[in-house]
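# What the coordinates show
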Amino acid sequence: MADNKAKSTKPVNKTPPKSPSDPAKDRAAKRLSYDSNSSHEGAMAGEISALEEAFRKFAIHGDTRATGKEMHGKNWSKLCKDCHVIDGKNVTITDVDIVFSKIKGKSSRTITFEQFKEALQELSKKRFKDKSDEEAVQEIFKLIEGKAPIISGVTKAISSPTVSRLTDTSKFTGSHKERFDPSGKGKGKAGREDLVDASGYVSGYKHAGTYDHKVQGSK
């Protein structure tokens, strides 16, 4: 009997049973993991977006039909000038034009954002000769990130003796002279049309309105 009881006794499993998982907690954990990865990727994308935003602003500059996805050679040159990629020493306007022609397709007149980065990589080797390739690319990106086209101011009129002579009303003659008063101010309609003088004085009489003054002075 004792032997049968010993044989029928099974070893006791001391490992506690696993509690059933909570689906809500599992979903929350997955969401936190996804958000963490997304924020990291977003931070990296933010570094690119600053460069891409600058590309877009220059790509649409002066062209109302542009979409910002491709850039013409004229706007590429302006970007290099405004962002000081062209320093007049290591990188010149000629270098910029050569790189643009090299990067764009043979039958194309524009470059995409990816080609834009390739062109900058080419110029970075000349612009930052004392740095490694990776450092040079990062430095040239920093010159452009967050930048926008510089809008030139209104051109000021340059005075010259010829212009001054042509606009000096005191030297006008004939019918042109009659259109301005002695101070140079235009007379308006009176200077353009012959208005009837109903004062009773003959045309050109210079002492109009002085009669009463003379009569009172003689009394």
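Refer to the structure printed above.
Description of the structure in this document. Because the structure is predicted, anything quoted here is derived from the model rather than measured.

## Regarding the overall build of the protein chain
Looking only at helices and strands, the protein chain has ten helices and two strands in total. Secondary structure elements in the protein chain, listed N-terminal to C-terminal, are α-α-β-α-α-β-α-α-α-α-α-α. The 219 residues of the protein chain split such that 18% are buried. The contacts in the protein chain between residues at least 6 apart in sequence include a share of 51% that link residues at least 24 apart. Carbon and sulfur atoms make up 53% of the accessible area of the protein chain, which totals about 17600 Å².

## Observations concerning the nonpolar core
W76, F116, L123 and I144 are the most contacted members of the largest nonpolar core, which has 29 residues in total. Looking at this core, the elements with two or more residues in it are α2 (23-59), α3 (73-82), α4 (93-103), α5 (113-127) and α6 (133-144). Filtering out sequence-adjacent residues up to four positions away, W76 remains in contact with M71, V96, F100, I111, F116, A119, L120 and L123.

## Thoughts on α5
Across its 15 residues, α5 extends 20 Å between first and last C-alpha, which sits within 8% of the 21 Å expected from 1.5 Å per residue. Within the sequence span of α5, burial applies to F113, F116, A119, L120, L123, S124 and R127. The buried residues of α5 occupy one face: seen down the axis, they fall within an arc of 150°.

## So, the packing of aromatic side chains
By the definition in use, this model includes five aromatic pairs. Both rings, one in F55 and one in F113, keep their centres 5.5 Å apart while their planes meet at 65°; by these two values the pair is edge-to-face. One end of the pair, F55, is in helix α2; the other, F113, is in helix α5, with 58 residues separating them in the sequence. Considered together, F55 and F113 belong to a single accessibility category, that of buried residues. Between F113 and F116, the ring centres sit 6.1 Å apart and the planes meet at 25°, which makes this aromatic pair stacked. With a gap of three residues between them, F113 and F116 both fall in helix α5, about one helical turn apart. Just as F113 is buried, F116 falls in that class too. Here the basic side chain of R127 rests over the ring of F128, its NZ or CZ set 5.0 Å away from the ring centre.

## Observations concerning the packing of α4 against α5
At a closest axis distance of 10 Å, the pairing of α4 and α5 adopts a crossing angle of 140°. Here α4 is positioned oblique relative to α5, judged by the angle of their axes. Handedness of the crossing formed by α4 with α5: right-handed. On the side of α4, the interface is formed by D95, V96, V99, K102 and I103, while α5 contributes Q115, E118, A119, E122, L123 and K126. A class-by-class count of the residues in the contact of α4 with α5 yields five nonpolar, one polar and five charged.

The rules behind the values
Residues numbered from 1 in each chain as written. Predicted model: local features only at pLDDT ≥ 70, side-chain atom pairs only at ≥ 80, totals over all residues. Heavy atoms only, no water. Helix = DSSP H or I, 4+ residues; strand = E, 2+ residues; numbered from the N terminus. Buried < 20%, exposed > 50% of the residue type's maximum accessible area, 1.4 Å probe, protein only. Contact = heavy atoms within 4.5 Å. Areas by Shrake-Rupley, 256 points an atom, 1.4 Å probe, with all protein chains shown as cover. Core = buried A, V, L, I, M, F, W, Y, C linked by side-chain atoms within 4.5 Å. Expected span 1.5 Å × (residues − 1). Arc of directions from axis to C-beta. Phe/Tyr/Trp six-rings, centres within 6.5 Å; stacked < 30°, edge-to-face > 60°. Lys NZ or Arg CZ within 6 Å of the ring centre and 35° of its normal. Axes fitted to C-alpha atoms, helices over the stretch in contact; angles between N-to-C directions. Parallel < 35°, antiparallel > 145°, perpendicular 65-115°, else oblique. Left-handed = near helix turned anticlockwise from the far one by under 90°. Nonpolar A, V, L, I, M, F, W, Y, C, P; charged D, E, K, R; others polar.

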